[in-house]
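Residue strings, one per chain:
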Amino acid sequence: DMALSAALTLAPLLCSVQAAWRLTFSEDFDGDLVNSARWSVPNGGVHGSNELELYLSDDVWVQDGHLTIQTRYNPTRCIPPNASNMPGPADGHGWCIPTNSSTDNKAVQHFNYTSGWLDTEGHFAQRYGRFSVRAKLPSIQASNAWPAHWLLPDQTSAGCRPDPSACSWPVGGEIDIMESYGNRQLAIDQNTDGNVFGTYHWANKSGQDLHCGGSTLEKRCSPWNFSGSYPGQGIQADFSTDFHVFTIDWNSTSITWSVDGTPYWERHNGDRPGTDHSAQICSHEMYIILNTAIQANPPLPANAPHYPVTHVVDWVKVWEWIVTEPLDSVATPVLRA
């Protein structure tokens, strides 16, 4: 009959449609400069997460196919932000103007350490997909060093423009692809020294930050069969000796973290059921941040040993999951170092 004939005619077409990954962003850090069409590099950036560093553009450079973020003892004075020089958004980011002036100004801030930050806000953002960074991390001997690859909602993107407040932190969510803590006493006490961690932040109705930390240090997301740290509790690691690929797979219902193709941590919509704090996977376009911070706790003396350190990035790649034909026209994600 006609219905059967139509079905048989369509069958080969339907079978030939394949699902695959399509590369949407690829940064190999070729050349001698950071590509300003893709990345912003703050000079005088500060961050509010109880950190000691001042972000300077001098601590970010591209050479020999790699991006380097340097973190160093570098006493620097900085004039704090005001209404006329980029006050910064309400999520804890701010700006100041580096100065060599020795003028006695009580408003001038003093930073013992400087480091580097770059991000794709206003240049590239994507909702869902696979985000991967191949990098070599700073020495774990550098106390309080805090390298990270992470995502925040891009308030300039189409999905955020109708209501930017819905994309502010922590309401809009935060995905930390990778964090690591140099010589952090808490990690040493928990036998996770040198591990990398994955974290997802979201907020309840009051805007309180609620996060499922990718580690056994955070108990609020149990029960799950993932320790959330890699390579895991009781296994000391050092990601500063070679390059590794840090990845998330993010969709509307879940986020999965992996290192060199090995998944180690997963979060889902509805985690922590039965409360008004259950997790909701973020659904906004998010931009990429690469940085190294310095935690203020435990206290770090001026000119601490093992500094300067470098955080070296080989490449950053992003894919989206699509239905395509034919399959071999689509780039396959690289998951291993």
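What counts, and where the lines are drawn
- Residues numbered from 1 in each chain as written.
- Predicted model: local features only at pLDDT ≥ 70, side-chain atom pairs only at ≥ 80, totals over all residues.
- Heavy atoms only, no water.
- Helix = DSSP H or I, 4+ residues; strand = E, 2+ residues; numbered from the N terminus.
- Buried < 20%, exposed > 50% of the residue type's maximum accessible area, 1.4 Å probe, protein only.
- Contact = heavy atoms within 4.5 Å.
- Areas by Shrake-Rupley, 256 points an atom, 1.4 Å probe, with all protein chains shown as cover.
- Salt bridge = Lys/Arg side-chain N within 4 Å of Asp/Glu carboxyl O.
- Pairing = 2+ DSSP bridges.
- Polar contact = N/O pair within 3.5 Å; in protein donor to acceptor, adjacent residues only side chain to side chain.
- Disulfide = S-S within 2.5 Å.
- pLDDT = per-residue confidence, 0-100.
- Core = buried A, V, L, I, M, F, W, Y, C linked by side-chain atoms within 4.5 Å.

Caption draft 1: Representation of the overall build of the protein in the model. Looking only at helices and strands, the protein features two helices and 20 strands. Residues counted as buried form 47% of the 337 residues belonging to the protein. Intrachain contacts of the protein at a sequence separation of at least 6 include 75% that bridge at least 24 residues. As displayed, the protein has an accessible area near 15,800 Å², and 52% of this comes from carbon and sulfur atoms.

Caption draft 2: Representation of the pattern of salt bridges. Counted under the stated rule, the structure contains six salt bridges. Salt-bridge contacts for aspartate 59 lead to arginine 72; the nearest nitrogen and oxygen are separated by 2.6 Å. Here arginine 72 lies in strand S5 (residues 66-79) and aspartate 59 lies in the loop between strand S3 (53-55) and strand S4 (60-63), a separation of 13 residues in the sequence. For aspartate 59, a relative accessible area of 0% translates into the label buried. On the accessibility criterion, arginine 72 (22% relative accessible area) is partly exposed. Residue arginine 130 is joined to aspartate 249 by a salt bridge in which the shortest nitrogen-to-oxygen separation is 2.4 Å.

Caption draft 3: Highlighting the pairing of strand S18 (residues 262-268). Strand direction decides the pairing type here: strand S17 (residues 254-259) and S18, joined by six bridges, are antiparallel. If you follow isoleucine 255 over to S18, its bridge partner there is arginine 267. Counted along the chain from S17 to the antiparallel partner S18, the turn is two residues long, and its residue aspartate 260 has a positive phi close to 50°.

Caption draft 4: View of the side chain of aspartate 260. Mapping aspartate 260 onto the fold places it in the loop between S17 and S18. Looking at aspartate 260, its side chain comes within polar contact range of the side chain of histidine 244, at 2.7 Å. Polar side-chain contacts of aspartate 260 include one of 2.8 Å to the backbone nitrogen of valine 245.

Caption draft 5: Fine view of the state of the cysteines. This structure, assessed with the given rule, holds two disulfides. The side chain of cysteine 78 participates in a disulfide bridge whose partner is cysteine 96; the two sulfur atoms lie 2.0 Å from each other. Linking cysteine 78 and cysteine 96, the disulfide has an S-S dihedral of approximately 100° and is accordingly described as right-handed. Remark: cysteine 96 occurs in the loop between strand S6 (93-95) and strand S7 (97-99) and cysteine 78 occurs in strand S5; sequence separation between them is 18 residues. The class of cysteine 78 is buried, set by a relative accessible area of 0%. Take cysteine 96: its relative accessible area is 5%, and that puts it in the buried class. Two residues, cysteine 160 and cysteine 167, share a disulfide whose sulfurs are 2.1 Å apart. Measuring the twist about the S-S bond at about -95°, one finds the cysteine 160-cysteine 167 disulfide to be left-handed.

Caption draft 6: Up close: the confidence of the model for the protein. Considering every residue of the protein, the mean pLDDT works out to 79; 72% of them sit at 70 or more. Scored below 50 in pLDDT, residues 2-14 makes zero contacts in the model with residues more than four places away or belonging to other chains. The low-confidence segment residues 327-331, where pLDDT is below 50, has 12 contacts with residues more than four positions distant or belonging to other chains.

Caption draft 7: Region of interest: the nonpolar core. Within the largest apolar cluster, 39 residues are counted, with the highest numbers of intra-cluster contacts made by Ile175, Trp250, Ile288 and Leu290. In contact with isoleucine 175, other than residues within four places in its own chain, are Trp150, Leu151, Thr199, Tyr200, Ile248, Trp250, Ile255, Trp257, Cys282 and Met286. If you look at the next biggest cluster of nonpolar residues, it comprises 11 residues, including Trp146, Tyr181, Phe197 and Ala293.

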